[in-house]
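# Residue-level structure breakdown
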Amino acid sequence: MGKGPGLYTEIGKKARDLLYRDYQGDQKFTITTYSPTGVAITSSGTKKGEIFLADVNTQLKRNNITTDVKVDTNSNLSTTITVDEAAPGLKTILSFKVPDQRSGKLELQYLHDYAGICTSVGLTANPIVNFSGVVGTNVGSIGTDVSFDTKTGNFTKYNAGISFSNADLIAALTLNDKGDTLTASYYHIVKPLTNTAVGAEVNHSFSSNENTITIGSQHALDPLTTVKARVNNFGKASALIQHEWRPKSLFTISGEVDTKAVDKSAKFGLALALKP
C-alpha cells in the first residue's frame, strides 16, 4: 500500500474495479502508435448496437506537462493539459471542449501523507464548484465530496465515505446521491501469487427501499491470462477472460446472462487494445 489516503475517488475503488471494470456489452477496438517525436496517437472505435462511435486522441508529454487532444465522431474537440508536481504533491488539470463554451474546468489535486484534496471550478460566469477531501492514512480514512452550483445557490452533490485497509483486505462505506444511497463494499486478496481476489458490494436505496447485492471474483490462470465472474441478486451473471497476448496489448471477451430469463439471448462483448 502507498503512503497517504489518496483521493476521494479511491474509496471503494478496488471493489468497483473487481466487479465492473473490463466487462463489455459492446465491441471495442483501440490501437496506440507512437511518432518518432514521442507523440502517442490512440484511435478507438466502439459499436453499440447499430451505432458506431469513434475518436482519436493525441498525447504529448514534455517534462512534467502532458497535453491530450481528442476528436470524436460528433465533431467535439476536447483538450486536457496536466501539470504534475507544479509544487510537491500538487497536480493541476485544465480541460475544455469545443464547441461547448461552458465546458472549461480548472482542477487542483493535492496529495499528502495524511490527506488528499481535489477541487475544481468551471470556467464560466456562474460555475459549478466541486470539492472533495480525505483525511487519514493508508490504513483508515474518511472523506467527503460536494458540488455547489453558484448559479442556483444549491448543492448538486454531497457524498461521504469511510475506508479501512490492511495488507489483503479493503472495506468501504459510502453515502451517495444526496444521502439516498448507502453502499458497502469489500475486497479481499485470497492468493497474491495468482492474483486471486473476491469482492462484494451492497447498495441500499432509501427512497425505493431496494437492495442490490453484487459479488465477484478474479483469478489469474497464468501470468498473461485473467478470468473474472460476478453475479447480483437480480440474477444477472457475467464472466470475462482477458489475455495479454503481447506487452500492454489486451484481448477481452465477456458475456452476461439473465438467469431469471434464460429464454432471452445472452449479451456478449469484445475488446481489443493494441500497443507497440
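Check the entry above for the structure.
Below you will find a few notes about this structure. Predicted model, so just to flag it, every value in this text is computed and none were measured. (Residues numbered from 1 in each chain as written. Predicted model: local features only at pLDDT ≥ 70, side-chain atom pairs only at ≥ 80, totals over all residues. Heavy atoms only, no water.)

## Examining the overall build of the chain
If you tally the helices and strands in the chain, you get one helix and 19 strands. Taken over C-alpha atoms, the radius of gyration comes to 21 Å for the chain, in line with the 19 Å a tight globule of 276 residues would show. Counting all 276 residues of the chain, 32% fall into the buried class. Intrachain contacts of the chain at a sequence separation of at least 6 include 27% that bridge at least 24 residues. When the accessible surface of the chain is summed, it comes to about 16300 Å², and 61% of that surface belongs to carbon and sulfur atoms. The averaged location of the 25 negative side-chain charges in the chain is 3 Å from the averaged location of its 28 positive side-chain charges. (Helix = DSSP H or I, 4+ residues; strand = E, 2+ residues; numbered from the N terminus. Rg over C-alpha atoms; globule rule 2.2 N^0.38 Å. Buried < 20%, exposed > 50% of the residue type's maximum accessible area, 1.4 Å probe, protein only. Contact = heavy atoms within 4.5 Å. Areas by Shrake-Rupley, 256 points an atom, 1.4 Å probe, with all protein chains shown as cover. Lys, Arg positive; Asp, Glu negative; His and termini not counted. Charge placed at Lys NZ, Arg CZ, Asp CG, Glu CD.)

## Details of the environment of Asn-63
Within the secondary structure layout, Asn-63 lies in the loop between strand S3 (51-62) and strand S4 (65-72). On a C-alpha basis, the gap between Asn-63 and Val-83 in space is 9.2 Å, while along the polypeptide they are 20 residues apart.

## Points about the packing of aromatic side chains
Overall, the coordinates contain one aromatic pair when judged by the stated rule. The residue whose ring lies beneath Arg-230 is Tyr-23, and the NZ or CZ to ring-centre distance is 4.1 Å. (Phe/Tyr/Trp six-rings, centres within 6.5 Å; stacked < 30°, edge-to-face > 60°. Lys NZ or Arg CZ within 6 Å of the ring centre and 35° of its normal.)

## What about the pairing of strand S1 (residues 27-34)?
Every other side chain in a regular strand lies on the same face of the sheet, so the side chains alternate between the two faces. Here S1 pairs with strand S19 (residues 267-274) via five bridges, running parallel. Directly across from Lys-28, in S19, lies its bridge partner Ala-271. When S1 meets strand S2 (residues 40-48), the two strands line up antiparallel, connected through eight bridges. Following the sheet pairing, Lys-28 is matched in S2 by Thr-46. The turn linking S1 back onto S2 is made up of five residues, and Gly-38 within it adopts a positive phi angle of 95 degrees. (Pairing = 2+ DSSP bridges.)

## Here we look at helix H1 (residues 13-20)
When H1 is considered as a whole, its buried residues turn out to be Ala-15, Leu-18 and Leu-19. One side of H1 carries all its buried residues, which in axial view fall inside an arc of 90 degrees. As for H1, its buried residues are in contact with strand S13 (181-191), strand S14 (196-205), strand S15 (210-222) and strand S16 (225-232). Where H1 terminates, the next one or two residues include Asp-22, which has phi positive at roughly 75 degrees. (Arc of directions from axis to C-beta.)

## With respect to the pattern of salt bridges
Counting across every chain of the model gives six salt bridges. For the salt bridge of Lys-13 with Asp-17, the shortest nitrogen-to-oxygen distance reads 2.6 Å. One end of the pair, Lys-13, and the other, Asp-17, are both in helix H1, four residues apart, so they sit about a helical turn from each other. A relative accessible area of 36% places Lys-13 in the partly exposed class. The closest approach of N and O atoms between Glu-256 and Arg-230, which form a salt bridge, is 3.8 Å. Of this pair, Glu-256 sits in strand S18 (residues 249-258) while Arg-230 sits in strand S16, placing them 26 residues apart in sequence. Residue classification places Arg-230 among the buried positions, given a relative accessible area of 17%. (Salt bridge = Lys/Arg side-chain N within 4 Å of Asp/Glu carboxyl O.)

## Considerations on the side chain of Thr-174
Within the element layout of this structure, Thr-174 appears in strand S12 (residues 169-176). In this structure the side chain of Thr-174 is engaged in a polar contact, spanning 3.3 Å, whose partner is the side chain of Asn-176. What Thr-174 contacts, discounting residues up to four positions off in sequence, is Tyr-8, Ile-11, Ala-160, Gly-161, Thr-181, Leu-182 and Thr-183. (Polar contact = N/O pair within 3.5 Å; in protein donor to acceptor, adjacent residues only side chain to side chain.)

## A look at the environment of Ser-120
Note that Ser-120 resides in strand S8 (residues 115-122). Judged by relative accessible area, which is 10%, Ser-120 ranks as buried. With 38 residues separating them in the primary sequence, Ser-120 and Tyr-158 have C-alpha atoms 15 Å apart. Apart from the residues within four sequence positions on either side, Ser-120 is in contact with Lys-105, Leu-106, Glu-107, Ile-128, Val-129 and Asn-130.

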